Amino acid sequence: MGSVLAASAPSPPPPGPGAPGLVSVPPGFTMPPVSPVSAPSSSPTGQQDTEPPLPNPGGFEECHRKCKEVFPVQMEGVRLTVNKGLSNHFQVNHTVLLSTQADSSYRFGATYVGTKQTGPGEAFPVMVGDMDNTGSLNAQVIHQITDKVRSKFVFQTQQQKFVNWQGDTEFKGEDFTAAVTFGNPDVLMGSGIVVAHYLQSVTSSLALGGELVYHRRPGEEGTVMSLAGRYTGSNFIATLTLGGAGVHASYYHKANDQLQVGVEYEVSTRMQDTSVTFGYQLDVPKANLVFKGSLDSNWVVGANLEKKLQPLPLSLALSAYLDHRKHKFQCGFGITIG
Amino acid sequence: MSGKKSEGKSGGVTGWISSACRFAADRNDFRRNLLVNLGLFAAGVWVARNLSDFDLMSPQPVT
């Protein structure tokens, strides 16, 4: 008669040393734990996140612009300006200036803005000109030739004679700006002025550049070179220009939404003169008011008050300048309609 | 000899002080104006940087 134990399946024998297909481990040792193989990542290996491209630093002439805008503009006499828009592209203005120091004058100005839209609030070509009652003309033509190339021509006449004309071309790259200006070129006399500008973004905050001015007249020629650096912070801009003609340092600070402060330091080695100017601009949007004030090291105090008389299309401007050393006072009053 | 040495030393210091005073008082000296205005510029920048917390539009405390 058979046994129940005899019907069960036999157990497999324990693995012995040297068995094929198995790793032999000496007694007392264990295999180190092996982590599971991870799935391949979606991004290819070796690629790093690219840094954001450097911004365009703008034109060389704009280095000190922010600081200069804070200072009041000197105005003399009484100025009445009437602006009239004839269409979306054409605007004219009439300006009457009454002065006690210079001759009173009337100026007729016209502004044409073309249909080539390059950005918000930008359209080209732009033609701006004005002529006074004696026939003297001031005109500018600005045109965006390509996405990166912009050209400008400036003409000035004194009655029937051309006194100044210049043409410049500006190239705006991704992180640099280069410009060349030709002023009053005279091929027959072999005279003229050539100005070259270059500004390069080194970091997102720092821009470095240079300026080269070459002038030539019969029997005389010369060059003046300048180096410029501009550092832009979150709420300030510090700019320094060093050159053979002198030093120009400016510091612009936006204290808050209402107050902007600017400090300017200028040295002229040719004139052997130096000055410091401290200015501020106070904006009061609720009152449609802008106030500017300045004080310089020559004890000249300046002030400007501009107010828009809403809802009328009327702007009122008051200006005053007081030179304590020369005991000279100058004031101006302006009304702009339209 | 010691008197001469003391006199020379005193004269040097006095001369230096007088020349420094003349330099500081000479408004027509270009280098003097350069340094003074550089100091004024630094002071102006310091004032500008410390105006960040200044807000004219904030309500004034009731007294």
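Because the structure is predicted, anything quoted here is derived from the model rather than measured. (Residues numbered from 1 in each chain as written. Chains lettered and ligands numbered in written order. Predicted model: local features only at pLDDT ≥ 70, side-chain atom pairs only at ≥ 80, totals over all residues. Heavy atoms only, no water.)

Description of the overall build of chain B
Then step 1. Broken down by element type, chain B carries two helices and zero strands.
Then step 2. Across the 63 residues that make up chain B, the buried fraction comes to 16%.
Then step 3. Roughly 5,300 Å² of accessible area belongs to chain B as shown, and the carbon and sulfur atoms make up 63% of that amount. (Helix = DSSP H or I, 4+ residues; strand = E, 2+ residues; numbered from the N terminus. Buried < 20%, exposed > 50% of the residue type's maximum accessible area, 1.4 Å probe, protein only. Areas by Shrake-Rupley, 256 points an atom, 1.4 Å probe, with all protein chains shown as cover.)

Some points on the nonpolar core
Then step 1. Membership of the largest hydrophobic core comes to 17 residues, with the highest contact counts inside it found for A:Tyr251, A:Leu259, A:Val263, A:Tyr265 and B:Phe41.
Then step 2. For this core, the secondary structure elements donating two or more residues are strand E13 (246–254), strand E14 (259–268) and strand E15 (273–284) of chain A together with helix H2 (30–49) of chain B.
Then step 3. It is E14(A) that contributes the most residues to this core, five residues altogether.
Then step 4. Not counting chain neighbours up to four residues away, the residues in contact with A:Tyr265 comprise A:Val247, A:His248, A:Ala249, A:Thr274, A:Ser275, A:Val276, B:Leu34, B:Asn37, B:Leu38 and B:Phe41. (Core = buried A, V, L, I, M, F, W, Y, C linked by side-chain atoms within 4.5 Å. Contact = heavy atoms within 4.5 Å.)

A word on the environment of A:Gly135
Residue and element names in this part refer to chain A.
Then step 1. Its location among the elements puts Gly135 in the loop between strand E4 (122–132) and strand E5 (137–144).
Then step 2. You can call Gly135 partly exposed: its relative accessible area is 24%.
Then step 3. Sequence separation between Gly135 and Arg107 is 28 residues, and the spatial gap between their C-alpha atoms is 9.3 Å.
Then step 4. Contacts of Gly135, omitting those with residues within four sequence positions, involve Thr157 and Gln159.

Some remarks on the pairing of strand E17 (residues 300–308) of chain A
All names here are of chain A.
Then step 1. Where strand E16 (residues 289–296) lies against E17, seven bridges are found, and the strand directions are antiparallel. For Lys292, the partnering residue across the bridge sits in E17 and is Asn304.
Then step 2. What sits between the antiparallel neighbours E16 and E17 is a turn of three residues, in which Trp299 has the positive phi angle 60°.
Then step 3. The pairing of E17 with strand E18 (residues 314–323) spans nine bridges and is classified as antiparallel. Following the sheet pairing, Val301 is matched in E18 by Leu322.
Then step 4. Taking the residues that link successive antiparallel strands as the turn, the E17-E18 hairpin has five residues. (Pairing = 2+ DSSP bridges.)

Brief notes about the packing of aromatic side chains
Then step 1. Tallied over the entire structure, the rule returns six aromatic pairs over all chains.
Then step 2. Judged by centre distance (5.9 Å) and plane angle (25°), the ring pair of A:Phe236 and A:Tyr251 falls under stacked. Linking A:Phe236 in strand E12 (residues 236–243) with A:Tyr251 in strand E13, this pair joins segments that are 15 residues apart in sequence.
Then step 3. Given the relative accessible area of 17%, A:Phe236 is considered buried.
Then step 4. The side chain of B:Arg49 reaches across the aromatic face of A:Phe236, ending 4.8 Å from its centre. (Phe/Tyr/Trp six-rings, centres within 6.5 Å; stacked < 30°, edge-to-face > 60°. Lys NZ or Arg CZ within 6 Å of the ring centre and 35° of its normal.)

What to know about the interface of chain A and chain B
Then step 1. Counting residues at the interface gives 26 residues for chain A and 19 residues for chain B.
Then step 2. Together, the buried faces of chain A and chain B total about 1,800 Å²; carbon and sulfur atoms form 72% of this surface.
Then step 3. For the pair chain A and chain B, the number of links is zero salt bridges.
Then step 4. The tally of links between chain A and chain B comes to three residue pairs in polar contact (both at pLDDT 80 or more).
Then step 5. For the side of chain A that touches chain B, the secondary-structure elements that each account for two or more residues are E13, E14 and E15 of chain A.
Then step 6. Residue composition of the side of chain A that touches chain B, by class: 13 nonpolar, 10 polar and three charged. (Buried area = accessible area lost by both parts, 1.4 Å probe. Salt bridge = Lys/Arg side-chain N within 4 Å of Asp/Glu carboxyl O. Polar contact = N/O pair within 3.5 Å; in protein donor to acceptor, adjacent residues only side chain to side chain. Nonpolar A, V, L, I, M, F, W, Y, C, P; charged D, E, K, R; others polar.)

Points about a nonpolar patch on the surface
All names here are of chain A.
Then step 1. Together, Val78, Leu80, Val82, Val96, Leu98, Tyr106, Phe108, Leu318, Phe333 and Ile337 line one region of the surface with nonpolar side chains, adding up to about 730 Å² of accessible area.
Then step 2. Of all the secondary structure elements, the ones that give two or more residues to the nonpolar patch are strand E1 (77–85), strand E2 (90–98), strand E3 (105–119) and strand E19 (328–337).
Then step 3. Here the element with the most residues in the nonpolar patch is E1; it accounts for three residues.
Then step 4. Position of Val82 relative to the elements: it lies in strand E1.
Then step 5. Taking the relative accessible area as the measure of exposure, Val82 reaches 31% and is therefore partly exposed. (Patch = residues over 30% accessible without salt bridge, like charges linked within 9 Å, V, L, I, M, F, W, Y side chains within 5 Å.)

Structural notes on the confidence of the model for chain A
Then step 1. Confidence in the prediction for chain A averages 80 pLDDT; 85% of positions are at 70 or higher.
Then step 2. Note that residues 1–45 of chain A has pLDDT below 50 and, in this model, three contacts with residues that lie over four places away or in other chains. (pLDDT = per-residue confidence, 0-100.)

Some remarks on H2(B)
Then step 1. Taking 1.5 Å per residue as the helical rise, H2(B) with its 20 residues ought to reach 28 Å, and the 28 Å between its terminal C-alpha atoms agrees with that figure.
Then step 2. Among the residues of H2(B), B:Phe30, B:Arg32, B:Asn33, B:Asn37, B:Phe41, B:Gly44, B:Val45 and B:Ala48 are the ones counted as buried. (Expected span 1.5 Å × (residues − 1).)

Notes on the pairing of E5(A)
All names here are of chain A.
Then step 1. Bridge analysis of E4 against E5 gives six bridges, and the strand direction is antiparallel. Looking across to E5, one finds that Gly129 is bridged to Ala139.
Then step 2. The loop that links E4 with its antiparallel partner E5 comprises four residues; one of these, Gly135, has a positive phi angle of about 95°.
Then step 3. Examined bridge by bridge, E5 and strand E6 (residues 149–158) share seven bridges and lie antiparallel to one another. Paired with Ile142 across the bridge in E6 is Lys152.
Then step 4. Linking E5 to E6, which pair antiparallel, is a turn of four residues.

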